[in-house]
Amino acid sequence: MTDIILELQNIHRHFIQGGKDLHILKGLDFTMQKGEIVTLVGASGSGKSTLLQIAGLLDGANEGEVVIDGLACAGLSDNKRTRIRRHDVGFIYQFHHLLPEFNAIENVILPQIIAGCSKGHALKKATEILEKLGMGERLDHRPSELSGGEQQRVAIARALVDKPKILLADEPTGNLDEATGNGVMNELLRLSREEGISALIATHNSDLAKKMDRCVSLHNGLLS
Ligand SMILES: Nc1ncnc2c1ncn2[C@@H]1O[C@H](COP(=O)(O)OP(=O)(O)O)[C@@H](O)[C@H]1O
Ligand SMILES: [Mg+2]
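Source: prediction; values computed, not measured.

Asks: Quick rundown of the overall build of the chain? Include the residues and the values.
Replies: In terms of regular secondary structure, the chain is built from 7 helices and 10 strands. Computed over its C-alpha atoms, the radius of gyration of the chain comes to 17 Å, within 12% of the 17 Å expected for a compact globule of 224 residues. Over its C-alpha atoms, taken along the principal directions, the chain stretches across nearly 50 × 40 × 40 Å. Counting the 224 residues in the chain, one finds 46% classified as buried. Sequence-distant contacts in the chain: of pairs separated by 6 or more residues, those separated by 24 or more amount to 70%. For the chain, the exposed area adds up to about 10900 Å²; of that, 49% sits on carbon and sulfur atoms. In the chain, the 25 positive side-chain charges and the 29 negative ones have mean positions that sit 3 Å from each other.

Asks: Describe the site of ligand 1, listing the residues and the values that go with them.
Replies: The full set of residues close to ligand 1 is F15, Q17, I24, A43, S44, G45, S46, G47, K48, S49 and T50. With respect to ligand 1, the backbone of G45 contributes an N or O atom lying 2.7 Å from an oxygen atom. Taking T50, its side chain carries an N or O atom lying 2.6 Å from an oxygen atom of ligand 1. The set of elements that each furnish at least two residues to the shell around ligand 1 consists of β1 (4-17) and α1 (48-55). Per-element accounting of the shell around ligand 1 gives the leading share, 3 residues, to α1. Its residues assigned to classes, the shell around ligand 1 shows 3 nonpolar, 7 polar and 1 charged.

Asks: Describe helix α4 (residues 119-132), and please don't skip the residues or the numbers.
Replies: Given a rise of 1.5 Å per residue, 14 residues ought to cover 20 Å, and the 20 Å separating the end C-alpha atoms of α4 matches this to within 8%. Check the buried side of α4 and you find it contacts α3 (104-114), α5 (148-160) and α6 (178-195). Where α4 terminates, the next one or two residues include G134, which has phi positive at roughly 75°.

Asks: Give me the lowdown on the pairing of strand β4 (residues 63-68), citing residues and values where you can.
Replies: For β1 and β4, the ladder comprises 5 bridges, and the chain directions are antiparallel. Within the sheet, the bridge partner assigned to L8 lies in β4 and is V66. In the sheet, β4 pairs with strand β5 (residues 71-72) via 2 bridges, with the strands oriented antiparallel. Pairing of I68 across the sheet is with L71, part of β5. Between β4 and β5, which follow one another and run antiparallel, lie 2 residues, and D69 among them has a positive phi close to 50°.

Asks: Pulling in residues and values, what's your account of the sheet that holds β5?
Replies: With respect to topology, 4 strands assemble into an open sheet ordered β2-β1-β4-β5, the strand pairing being antiparallel. The open sheet has two edge strands, β2 (20-33) and β5, and neither has a second partner.

About the criteria used
- Residues numbered from 1 in each chain as written.
- Chains lettered and ligands numbered in written order.
- Predicted model: local features only at pLDDT ≥ 70, side-chain atom pairs only at ≥ 80, totals over all residues.
- Heavy atoms only, no water.
- Helix = DSSP H or I, 4+ residues; strand = E, 2+ residues; numbered from the N terminus.
- Rg over C-alpha atoms; globule rule 2.2 N^0.38 Å.
- Buried < 20%, exposed > 50% of the residue type's maximum accessible area, 1.4 Å probe, protein only.
- Contact = heavy atoms within 4.5 Å.
- Areas by Shrake-Rupley, 256 points an atom, 1.4 Å probe, with all protein chains shown as cover.
- Lys, Arg positive; Asp, Glu negative; His and termini not counted.
- Charge placed at Lys NZ, Arg CZ, Asp CG, Glu CD.
- Near = heavy atom within 4 Å.
- Polar contact = N/O pair within 3.5 Å; in protein donor to acceptor, adjacent residues only side chain to side chain.
- Nonpolar A, V, L, I, M, F, W, Y, C, P; charged D, E, K, R; others polar.
- Expected span 1.5 Å × (residues − 1).
- Pairing = 2+ DSSP bridges.

Right, dumping it as structure tokens:
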């Protein structure tokens, strides 16, 4: 048994662009404990999104290992990586990526139904989490009928409804004004703590960074 939920070991990521080799992550190491909430800061272009995509198995590193809850994932088949990503990882992005033609509750239940959950059970869980996020009166609103903060609350519900082991959030309040962003981030933190979910959150808001357990900074391809 280990208390480590996520481990990145010697991660290298290169992008070849216009014949040039961009070495973005240069042997990066990172360890996150179960239940820990960590902020990730770094200048624009430093590689925060790249790191989160690799940690969540959406992208592969050129070298290095990603260990999720004790399971080394780098050498697994695409099918296995997809399964781990679906079950163990929740993502929230700067832009909500909600489906415009579906309402709030449908946006939350669709991934669950695709993953094989019964509709009744999915509806119950989605209603519960949306209510916890103060969205009980907005269940049948489409994204265009919601404010920016409400849209992000739906995205949070979608990411957390199945209680992932790890939440990866890429500037989740970057598109919101400060007051709305703080409100959304507080909800995100409260819910993650309640559910015991470990989270790695890229943000530019240094006030928010202070509320987390730990802050790591990405610079020159390495964390400090
Ligand atoms: N698919 C890609 N192809 C080429 N270059 C990329 C790709 N993804 C990211 N990059 C480059 O990698 C660097 C880091 O990008 P990113 O991880 O998005 O940084 P951040 O999220 O910190 O702003 C940038 O210089 C970006 O242009
Ligand atoms: Mg980014």
